[in-house]
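# Structure at a glance
As a plain string of letters, each chain reads:
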Amino acid sequence: MKRLLAVQPRGMCGGVRRALAVVEEVLAEPERPVYVLHEIVHNTYIVENLKRRGVLFVESPEQVPPGSRLIFSAHGVSRAVEQTAAARRLRVLDATCPLVKRVHAEARAAADRGETVLLIGHRGHPEIQGTLGQLPPEAEVRVVENAAEAATLPDSYARRPLRLLTQTTLSVEETAELTALLRRRFPQLQVHENICAATRLRQQAVREAARQAECTIVLGSPHSSNSRRLREVAAKEGSRALLVDLPEELDERELAGVNTLAFSAGASVPEELEKALLQRLSELGFQQETEEEASGQPESE
């Protein structure tokens, strides 16, 4: 018998559901088009479906006609974007994840206290760009992506008040290692670790399942930070880890000889894609083991 470990929790988090609810509320009204700044969430299937329903995704408020409605994505925006939208009299609906809003507030408060902000995250990610853009021009802030960048921070930081914040969708293990390194260099460092509970719980569930599985499938788009982190977590446990954007993209040859398969889904993946992939895996002979469902429990965010 071929085993399928369908881990829990998996799939959509509260922040994604909230953002999509904002879009659905606007789509229920007759006014078209509906404008969204950047992808509302990082999932190809969701974005393409919304495009077919009349949503236009833009990269700047300048692309939106004055007076129109504009939805900010779940990843948050800078103050400059907020100001430009106001100047163009855009009717803004803010779908920013509340946890990202909290990071913005913590970063502004640290800057107001004169602290230097160290921000662990991926420099080009919209969430990091939004957080950086929430700070005043005079703020001292450095993005730190890895240990090599941490080593380049000036020794003078040891004499400054430092505040550490993080992107919400990072690897828990890697962030802890980088935080420890920074603390060794700068003992006065004040840490606000902002990885969200949904990310933590999904990574832990994948870690435990991957230890039992020869192969782990993570359903999620390749540009989704949290989905990529799930694949990396599984790979670190020695499981061959696959990131699959859509169920039909799974190459069945990848599962040849696999007797125990783990399955998870990123925080932006809709339930219908999960069901479709699980059905396909069932047809390939993988029998899903009964687990205590954790998805029905509200997530602490």
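Residues numbered from 1 in each chain as written. Predicted model: local features only at pLDDT ≥ 70, side-chain atom pairs only at ≥ 80, totals over all residues. Heavy atoms only, no water.

### What to know about the layout of surface pockets
Stated formally: Residues are called lining when one of their atoms sits within 4 Å of a cavity or pocket point, these points coming from a 1 Å grid over the protein atoms alone, where a cavity is a set in which a 1.4 Å probe fits but cannot get out and a pocket is an open set with protein on both sides within 12 Å along at least five of seven lines. Grid points are joined across faces, edges and corners, and a volume is the space filled by probe spheres set on the points. Numbered from the N terminus, helices here are DSSP runs of H or I no shorter than four residues, and strands are runs of E no shorter than two. Under the scheme applied, nonpolar residues are Ala, Val, Leu, Ile, Met, Phe, Trp, Tyr, Cys and Pro; charged residues are Asp, Glu, Lys and Arg; polar residues are all the others, including Gly.
Taken as a whole, the second largest pocket spans an internal volume of roughly 230 Å³. If you trace the second largest pocket, you find 14 residues lining it, with Glu-145, Asn-146, Glu-174, Thr-175 and Leu-178 closest to the centre. Sort the elements by how many residues they give to the lining of the second largest pocket and helix α7 (residues 172–185) lands first, with 5 residues. In the lining of the second largest pocket, the residues fall into 5 nonpolar, 5 polar and 4 charged.

### Here we look at empty space enclosed by the protein
Enumeration according to the criterion identifies 2 cavities of 30 Å³ or more in this entry. Volume-wise, the largest cavity comes out at about 290 Å³. In terms of lining, the largest cavity is formed by 23 residues, of which the most central are Cys-13, Val-16, Thr-168, Thr-169 and Asn-226. Elements that contribute at least two residues to the lining of the largest cavity include exactly α1 (14–27), α4 (98–112), α8 (197–210) and α9 (225–236). Looking at side-chain class alone, the lining of the largest cavity contains 10 nonpolar, 11 polar and 2 charged residues.

### Quick notes on unusual backbone geometry
For residues besides glycine, phi is generally negative; the peptide bonds are generally trans as well. Omega for the peptide link from Gln-8 to Pro-9 comes to 0 degrees, which places this bond in the cis form. Position of Pro-9 relative to the elements: it lies in the loop between β1 (2–6) and α1. Residue Arg-32 is joined to Pro-33 through a cis peptide bond whose omega torsion reads -5 degrees. We note that His-38 has phi near 65 degrees; this positive angle belongs to a residue other than glycine. Among the structural elements, His-38 can be located in the loop between β2 (34–37) and α2 (44–52).

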